[in-house]
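Descriptive analysis of the structure
Take a look at the letters that make up each chain.
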Amino acid sequence: MIWEELQMYRWKQDEIRNWPLRRAILRGIAALGIATMALASFSGSASAQSLLEKIKNGETVRIGFSNEVPWAYPGENNEPLGFVNAMTIDILKKLGTTKVEPVVTEWGSLIPGLQAGRFDIITGGMYILPERCRNVLFTEPIVKATDALIVPKGNPEGLHSYEDLRDKGLTFVTGAGYSEIELMHKIGVPDDKIMQVAGPAEILQAVKAGRAAAGSGAYFTMKEFTDKDDSVALVPVGNSYYSGLAFLPNQQAEVGAFNAVLKDYIGSDKMMASVGKYGYTKATLPDGTTAAELCER
């Protein structure tokens, strides 16, 4: 017992002698913790920077689009081409940045990609439709367009409308996520007569291969095909649509800033110089219909 008590006494004396060192270590740990918390707070503050602040600070903005000629598509070096990208780049310059990073994805992945933070703005020429307004926030319209069918040369089935496809029980091809799918459902076309493919190039191939009697998409895109390939013909259809740039639903400030620039930009000489080479003309300018009206239709 005497030996054990002696050992306990020595241990307590060591503890007393080491208290200053222990206190110093604890103070160091506490200081490190405070510094770490401060750094985390600073990082959190930086990551919370809004898109509009990034633009005004001249930082890089990621624009998302699919390969949709002439709306928005990648060039040989992945540079963003097409009239919607040209307009977006002009507006971003007005707001403060010249830096853009293109992110190309399939059409059906544009809204999910925006929601997942893969890019900051959808520039793919997306039609402003009520079901889309529930997931993204649109700017005011930047273009008014119509749909068109592409059919084999000579239009052997005599197609002049979507209803003709329905009435003749023919197979129709369009892109996954395109507005034409809902339209075909509304007029009574069954799913087994609607072929959904990745995008415009696949629409063209399905028609040329005879797997579909007709394909559909935006007039600009379908006309681009028929201008270059005489094995298919263009059949305009009378549905009018309006496209805008799309943002996350909580980015009202960003949309407001873009809309403020659009007021003077739409139809200006600067805009027409940027978009004219892509086939955009005065005839395709929006007519005053608002995004709010389109979202309520």
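**Some points on unusual backbone geometry**
Omega for the bond connecting Val69 with Pro70 falls within 30 degrees of zero, at 0 degrees, which places this linkage in the cis form. In this fold, Pro70 is placed in the loop between strand E1 (61-65) and strand E2 (73-74). Residues other than glycine seldom take positive phi values, yet Asn155 does so here, at roughly 50 degrees. If you trace the backbone, Asn155 turns up in the loop between strand E7 (143-152) and helix H6 (162-168).

**So, the state of the cysteines**
Tallied over the entire structure, the rule returns one disulfide. The residue that forms a disulfide with Cys133 is Cys295, at a sulfur-sulfur distance of 2.0 Å. Between Cys133 and Cys295 the sulfur-sulfur dihedral comes to about -75 degrees; the bridge is accordingly left-handed. Pair noted here: Cys133 is in helix H5 (residues 130-133) and Cys295 is in helix H12 (residues 291-296), with a separation of 162 residues, a long-range link.

**What about the pairing of strand E11 (residues 232-247)?**
Across three bridges, strand E5 (residues 121-127) lies against E11 in antiparallel orientation. Across the sheet, residue Met126 finds its bridge partner in E11, namely Gly244. The pairing of strand E6 (residues 137-138) with E11 spans two bridges and is classified as antiparallel. Note that in E11 the partner of Leu137 across the bridge is Phe247. Of the strand pairs in this sheet, E7 and E11 are connected by nine bridges, and their pairing is antiparallel.

**Structural notes on the environment of Ser161**
Along the polypeptide, Ser161 turns up in the loop between E7 and H6. Put simply, Ser161 and Val237 are 76 residues apart on the chain and 5.9 Å apart in space, counted from C-alpha to C-alpha. Beyond its immediate chain neighbours, meaning those up to four positions away, Ser161 contacts Leu149 and Val237. For Ser161, the side chain forms a polar contact with the main-chain nitrogen of Glu163, separated by 3.4 Å. A polar contact of 3.2 Å, which involves the side chain of Ser161, links it to the backbone nitrogen of Asp164.

**Looking at the packing of helix H3 (residues 83-95) against helix H10 (residues 252-265)**
Two elements in contact, H3 and H10, have axes whose closest approach is 10 Å; the angle formed by their N-to-C orientations is 110 degrees. If you check the angle between H3 and H10, you find them roughly perpendicular. Within the contact between the two elements, H3 uses Ala86, Met87, Asp90, Ile91, Leu92, Lys94 and Leu95 and H10 uses Ala257, Phe258, Val261, Leu262 and Tyr265. Split into classes, the residues belonging to the contact of H3 with H10 amount to ten nonpolar, no polar and two charged.

**Things to note about the nonpolar core**
Formed by 52 residues in total, the largest nonpolar core has its most connected members in Trp71, Phe83, Leu149, Tyr162, Leu165 and Phe258. Element by element, the count of residues in this core is highest for H3, at seven residues. Listed in part, the 29 residues of the second largest apolar core include Ile111, Cys133, Val173 and Val232.

**Looking at empty space enclosed by the protein**
Gaps left between atoms show up when a probe the size of a water molecule is rolled over them. If you walk through the whole model with that rule in mind, you get one cavity of 30 Å³ or more. Quantified by volume, the largest cavity comes out at close to 110 Å³. Lining the largest cavity are Glu68, Trp71, Trp107, Gly124, Gly125, Tyr127, Arg132, Tyr178, Ser179, Glu180, Gly217 and Ala218. Listing elements by their share of the lining of the largest cavity, those giving two or more residues are E5, helix H7 (179-186) and strand E10 (214-218). Top element by residues in the lining of the largest cavity is E5. It accounts for three residues. Class assignment of the residues belonging to the lining of the largest cavity gives a composition of five nonpolar, four polar and three charged.

**So, the layout of surface pockets**
Reported here for the largest pocket is a volume of approximately 320 Å³. Elements with a contribution of two residues or more to the lining of the largest pocket: H5, H7 and E11. With four residues, the top contributor of residues to the lining of the largest pocket is H7. For the lining of the largest pocket, the residue count by class is eight nonpolar, two polar and four charged. Forming the walls of the second largest pocket are 14 residues, and the residues nearest its centre are Asn67, Gly199, Pro200, Ala201 and Glu202.

**Regarding the pattern of salt bridges**
In total, this model carries nine salt bridges according to the counting rule given. Note that Lys270 is salt-bridged to Asp90, the shortest N-O span being 3.7 Å. Placement of Lys270 in helix H11 (residues 269-275) and of Asp90 in helix H3 is noted, with a sequence separation of 180 residues between them. Given a relative accessible area of 48%, Lys270 falls into the partly exposed group. A salt bridge links Lys228 to Glu224; the nearest nitrogen and oxygen atoms lie 3.0 Å apart. Of this pair, Lys228 and Glu224 both sit in helix H9 (residues 219-228), four residues apart, which is roughly one turn of that helix. We classify Lys228 as exposed; its relative accessible area is 67%. The exposure class of Glu224 is partly exposed, given its relative accessible area of 22%. Beyond isolated ion pairs, a larger network of salt bridges with shared partners links Lys54, Arg62 and Asp120.

Criteria and thresholds
Residues numbered from 1 in each chain as written. Predicted model: local features only at pLDDT ≥ 70, side-chain atom pairs only at ≥ 80, totals over all residues. Heavy atoms only, no water. Helix = DSSP H or I, 4+ residues; strand = E, 2+ residues; numbered from the N terminus. Disulfide = S-S within 2.5 Å. Pairing = 2+ DSSP bridges. Contact = heavy atoms within 4.5 Å. Polar contact = N/O pair within 3.5 Å; in protein donor to acceptor, adjacent residues only side chain to side chain. Axes fitted to C-alpha atoms, helices over the stretch in contact; angles between N-to-C directions. Parallel < 35°, antiparallel > 145°, perpendicular 65-115°, else oblique. Nonpolar A, V, L, I, M, F, W, Y, C, P; charged D, E, K, R; others polar. Core = buried A, V, L, I, M, F, W, Y, C linked by side-chain atoms within 4.5 Å. Buried < 20%, exposed > 50% of the residue type's maximum accessible area, 1.4 Å probe, protein only. 1 Å grid on protein atoms, 1.4 Å probe; cavity = no way out; pocket = protein on both sides within 12 Å on 5 of 7 lines; lining within 4 Å. Points joined across faces, edges and corners; volume = space filled by probe spheres on them. Salt bridge = Lys/Arg side-chain N within 4 Å of Asp/Glu carboxyl O.

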